[in-house]
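These are the residues of each chain, in order.
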Amino acid sequence: MEYIDLKECILADNAGVADQVRELARSKGFFLWNIMSSPGAGKTTFILSAIERLSKEFKIGVIEGDIESTVDAEKMQRCGVPTVQLRTGGDCHLDAPMIMKALERLPLEELDIVIIENIGNLVCPAEFDLGADLPSMLLSVPEGDDKALKYPLMFSVCKALVVTKIDCAQLFDFNFEALALNTRRLNPDLKIFKVSAKEGAGMDEFCQYLSNEVKEKIKRG
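This is a predicted model, so every value here is computed, not measured.

A separate point is the overall build of the chain. Helix and strand counts for the chain come out as eight helices and seven strands. The globule rule puts the C-alpha radius of gyration for 221 residues at 17 Å, and the 17 Å found for the chain is close to it. In terms of principal-axis extent, the alpha carbons of the chain reach across some 55 × 50 × 35 Å. Looking at the chain as a whole, 49% of its 221 residues are labelled buried.

Inspection of the entire model under this criterion finds 12 salt bridges. Ionic pairing is found between Asp 146 and Lys 150, a salt bridge with its closest N-O pair at 3.4 Å. Under the relative-accessibility criterion, Asp 146 is labelled partly exposed at 26%.

Let us now look at the packing of helix α2 (residues 43–54) against helix α3 (residues 71–78). Where α2 contacts α3, the axes come no closer than 11 Å and their chain directions differ by 15°. What the angle tells us is that α2 and α3 run roughly parallel. By crossing handedness, the relation of α2 to α3 is classed as right-handed. Of α3, the residues touching α2 (which contributes Thr 44, Ile 47, Leu 48 and Ile 51) are Asp 72, Lys 75 and Met 76. For the contact of α2 with α3, the class distribution of residues is four nonpolar, one polar and two charged.

With the rule as written, the count across this model stands at seven aromatic pairs. Seen in terms of ring centroids, Phe 174 and Phe 176 are 4.7 Å apart; in terms of plane orientation they differ by 55°. Their pairing is tilted. Taking the relative accessible area as the measure of exposure, Phe 174 reaches 11% and is therefore buried. With relative accessibility at 23%, the residue Phe 176 sits in the partly exposed group. Among the aromatic residues, those joined into a cluster by ring pairs are Trp 33, Phe 46, Phe 193, Phe 206 and Tyr 209.

This part takes up the nonpolar core. Counting residues in hydrophobic clusters, the biggest one holds 29 residues, and the most contacted among them are Trp 33, Phe 46, Ile 51, Leu 54, Ile 115, Phe 206 and Leu 210. Secondary-structure elements contributing two or more residues to this core are β1 (31–36), α2, β2 (60–66), β4 (113–117), β5 (134–140), β6 (160–164) and α8 (203–220). If you tally residues by element for this core, the top one is α8, at six residues. Leave out the neighbours within four places in its chain, and Phe 206 touches Trp 33, Phe 46, Val 162 and Phe 193. Membership of the second largest hydrophobic core comes to 26 residues, among which are Ile 99, Met 100, Leu 111 and Ile 119.

The next thing to look at is the side chain of Asp 72. Mapped onto the secondary structure, Asp 72 falls in helix α3. Sequence-distant contacts of Asp 72, that is, excluding residues within four places in its chain, are made with Thr 44, Glu 64, Asp 66 and Glu 117.

Reading guide: rules and limits
Residues numbered from 1 in each chain as written. Predicted model: local features only at pLDDT ≥ 70, side-chain atom pairs only at ≥ 80, totals over all residues. Heavy atoms only, no water. Helix = DSSP H or I, 4+ residues; strand = E, 2+ residues; numbered from the N terminus. Rg over C-alpha atoms; globule rule 2.2 N^0.38 Å. Buried < 20%, exposed > 50% of the residue type's maximum accessible area, 1.4 Å probe, protein only. Salt bridge = Lys/Arg side-chain N within 4 Å of Asp/Glu carboxyl O. Axes fitted to C-alpha atoms, helices over the stretch in contact; angles between N-to-C directions. Parallel < 35°, antiparallel > 145°, perpendicular 65-115°, else oblique. Left-handed = near helix turned anticlockwise from the far one by under 90°. Contact = heavy atoms within 4.5 Å. Nonpolar A, V, L, I, M, F, W, Y, C, P; charged D, E, K, R; others polar. Phe/Tyr/Trp six-rings, centres within 6.5 Å; stacked < 30°, edge-to-face > 60°. Core = buried A, V, L, I, M, F, W, Y, C linked by side-chain atoms within 4.5 Å.

Shown next as structure tokens:
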């Protein structure tokens, strides 16, 4: 009997294209930032708040991933950034070939940062390398502090964790110390930020971190 592991084949093919994405980002000189989270964690609000701050220093483009609708992409366009909508029609994640197609539609020579708003899901997006310089995730306070125990891969593959909606922390039993302990058992180098995109708390600190990451990449060439 012959046995073919389709998942292994798919991930191997994806990894090859992810390397091509990395090389494209290097050659064109832009920074690729992948943002993952569960639905409702506040990705779009966070991205808009980050764009407001970062656009004073960098030229930004956005890739919007959704199973259906263009609602979030329309919000990005209204704030004046080049935007490409990826509609998967059912797939619960973005993969590197999708990102490569989207990058072909953006004016990469004019951009410093390309933001990927991945599909809301804490499982599948973590399995697919998109060639990003900064794989990151959002975790909202209402979701609880135990998600690193339930979805360890997501926390393992990210370089930055942004805890959102801290303005409503008093309404929920959220233990920040437990979250930090559980995540750093999986990923000791994970950077953790606390923000309220709605009220602005913590946004300047995160955007300074991202600015430093972009400048470090530019310095490396």
